[in-house]
Amino acid sequence: MNPFYSIVCPVYNSSAYLEQNLLNLLSNVFRDFEIIIVDDGSSDNTFSICSELSKKDKRLKVFKKGNEGPLIARAFGANHCIGNYILFLDSDDRFTDNGLNDLHDFIIESNFPDFVVFDVKCKKTNQNFFIKTLNSANSQCFEDCLFLKKCLLENKINGLYFKCFKNINFIFNLDELREKNALIEEDLIMSAILFDQYHNSAYYKKAIYEYTYRPGSLMNKSFVADMDLYVNKYTIDFLLNYSKNWDLYDSCFLNIIATNLLAVLSFVHKCYFFMNWNSCKLCFEKQVFVSPGFKYYFKYEKMLKKNLNFSQRKELNLLAKRQYLFLYLRFLFSKTKYKMIRLLKK
């Protein structure tokens, strides 16, 4: 009999905290699951830790592959799942004590929806948890997936860690994903691919996952070398194409562009905050402003200014308070690159 859950957990050089996290998961009060560990080319003893644990608990299945990033590792793991539903877990995160059991009960009560989005507890290191939610009044079921697809395109539910998918034996094309691999937006890309396979959905208003932002994690690294990957044309075109397929292009187009712009702004801000002034100049040398978001911005400037929602305007204003982004925004609205470069040289 197949387990109720398959929990896919990609790992990379996670030996510092992985063993304790896996032991906590294996001792969960809900036990009807398998864990698919995908070692993405670790250079420490991550693989040996997982292998030893798998000898003691047959629910743990361990795979090792070359380093290709979290998108390929998660897809590889999903292709090996046999559980009724698939969950994704980061190696430094955990499910709440009764989370798996509560989600199991909700799925049964909701007549086994194709996929479920749930709330998540988030925190930064040494800070208190806050709840990431859709702000819906109650849990609810949907006869289609349009509402949650729209939330995905608006970047409200891009993370894989607060979604649960029915296992329909869908096989990811790893070669195709390798051609379009992106280091930053992999959750968004994989979510869209999976959302496209299903017909109904549900939202569970309860936090069953605890997510911790760590300075050394992939999502929080701020290397200029990653800039081209972060703003690559694939991500934004990918979302626009899906919005057309889902008949959501008209309602989501401006939001997709605005979100891309804000993401690039935030990344450039991190380059300034974590590194130094010379590194900021490299952003220009690497032509960060050829991002499709900027091209769309200049084409639809007036519409975008009118259609940014309150939270986006607030985020933009907060970012603009930093010295570098103040200069950058002067560049953005003047459209004069050479003026910006002169400011940087002062």
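Residues numbered from 1 in each chain as written. Predicted model: local features only at pLDDT ≥ 70, side-chain atom pairs only at ≥ 80, totals over all residues. Heavy atoms only, no water.

A.B. asks: Which residues make up the overall build of the protein, and what values go with them?
C.D. replies: Secondary structure summary: the protein contains 16 helices and 10 strands in total. A total of 346 residues make up the protein; the buried ones form 54% of that total. The contacts of the protein with a sequence gap of at least 6 include a subset with a gap of at least 24, amounting to 82%. Summing over all exposed atoms, the protein offers an accessible surface of approximately 16,800 Å²; the carbon and sulfur share of this is 51%. (Helix = DSSP H or I, 4+ residues; strand = E, 2+ residues; numbered from the N terminus. Buried < 20%, exposed > 50% of the residue type's maximum accessible area, 1.4 Å probe, protein only. Contact = heavy atoms within 4.5 Å. Areas by Shrake-Rupley, 256 points an atom, 1.4 Å probe, with all protein chains shown as cover.)

A.B. asks: Tell me about the packing of helix H1 (residues 18–26) against helix H2 (residues 46–56), and please be specific about residues and values.
C.D. replies: The relative placement of two packed helices is expressed as an angle between their axes plus a distance between the axes. Axis separation between H1 and H2 bottoms out at 10 Å; the angle between their running directions is 25 degrees. Looking at the two axes, H1 sits roughly parallel to H2. Crossing of H1 over H2 shows right-handed handedness. On the side of H1, the interface is formed by Leu18, Glu19, Leu22 and Leu23, while H2 contributes Thr46, Ile49, Cys50 and Leu53. (Axes fitted to C-alpha atoms, helices over the stretch in contact; angles between N-to-C directions. Parallel < 35°, antiparallel > 145°, perpendicular 65-115°, else oblique. Left-handed = near helix turned anticlockwise from the far one by under 90°.)

A.B. asks: Tell me what's going on with the nonpolar core, and back it up with residues and numbers.
C.D. replies: Core analysis: the largest hydrophobic core is formed by 84 residues, its most contacted members being Tyr5 and Leu103. Tallying contributions element by element places helix H7 (residues 186–195) first for this core, with 7 residues. Each residue touching Leu103, except ones within four places of it in the same chain, is listed here: Tyr5, Leu87, Val116, Phe118, Cys164, Tyr204 and Ile208. (Core = buried A, V, L, I, M, F, W, Y, C linked by side-chain atoms within 4.5 Å.)

A.B. asks: Pulling in residues and values, what's your account of helix H3 (residues 70–78)?
C.D. replies: Residues spaced three or four apart along an α-helix point in a common direction, a consequence of the helix completing one turn every 3.6 residues. Judged by how many residues are buried, H3 sits mostly within the fold: 9 of 9 residues are covered. Inspection of H3 places Pro70, Leu71, Ile72, Ala73, Arg74, Ala75, Phe76, Gly77 and Ala78 among the buried residues, and these make up the whole buried set.

A.B. asks: Go over the environment of Leu89 with me, naming the residues and quoting the values.
C.D. replies: Here Leu89 shows up in the loop between strand E4 (85–88) and strand E5 (94–95). Using a relative accessible area of 6% as the deciding quantity, one classes Leu89 as buried. For Leu89 and Phe162, which are 73 residues apart along the polypeptide, the C-alpha to C-alpha distance reads 9.1 Å. Once you skip the residues sitting within four places of it in the chain, Leu89 turns out to touch Ile7, Val8, Cys9, Pro10, Leu25, Arg94, Phe95 and Tyr209.

A.B. asks: Describe the confidence of the model for the protein, naming the residues involved and giving the relevant values.
C.D. replies: Residues of the protein with pLDDT of at least 70 account for 65%, and the chain-wide mean is 77. Averaged pLDDT values over the elements of the protein bottom out at 42 in helix H8 (residues 227–230) and peak at 97 in E4. Note that residues 216–232 has pLDDT below 50 and, in this model, 44 contacts with residues that lie over four places away or in other chains. In the model, residues 322–326 has pLDDT below 50 throughout and makes 17 contacts with residues more than four positions away in sequence or in other chains. (pLDDT = per-residue confidence, 0-100.)

A.B. asks: Tell me about the state of the cysteines, and name the residues and values.
C.D. replies: Under the definition given, this model contains 0 disulfides. Counting only cysteine sulfurs, Cys9 is the nearest neighbor of Cys50, a cysteine outside any disulfide, at a range of 7.5 Å. Counting only cysteine sulfurs, Cys252 is the nearest neighbor of Cys151, a cysteine outside any disulfide, at a range of 9.0 Å. (Disulfide = S-S within 2.5 Å.)

A.B. asks: Now, about the packing of aromatic side chains: what can you tell me, with residues and values included?
C.D. replies: Under the counting rule described, the total for this entry stands at 19 aromatic pairs. On the basis of an interplanar angle of 25 degrees and a centroid distance of 4.3 Å, the ring pair of Phe115 and Phe195 is categorised as stacked. With Phe115 in strand E6 (residues 115–124) and Phe195 in helix H7, this residue pair connects regions lying 80 residues apart in the sequence. When sorted by exposure, Phe115 lands in the same class as Phe195, which is buried. Ring geometry for Phe170 versus Phe172: centroids 5.1 Å apart, planes at 80 degrees, classification edge-to-face. Put simply, the rings of Phe88, Phe115, Phe165, Phe195 and Tyr198 touch in pairs and so form one group of aromatic residues. We note Arg59 situated over the ring of Phe33; from NZ or CZ to the ring centre the distance is 4.7 Å. Over the aromatic face of Phe162 sits the side chain of Lys163, whose NZ or CZ is 5.1 Å from the ring centroid. (Phe/Tyr/Trp six-rings, centres within 6.5 Å; stacked < 30°, edge-to-face > 60°. Lys NZ or Arg CZ within 6 Å of the ring centre and 35° of its normal.)

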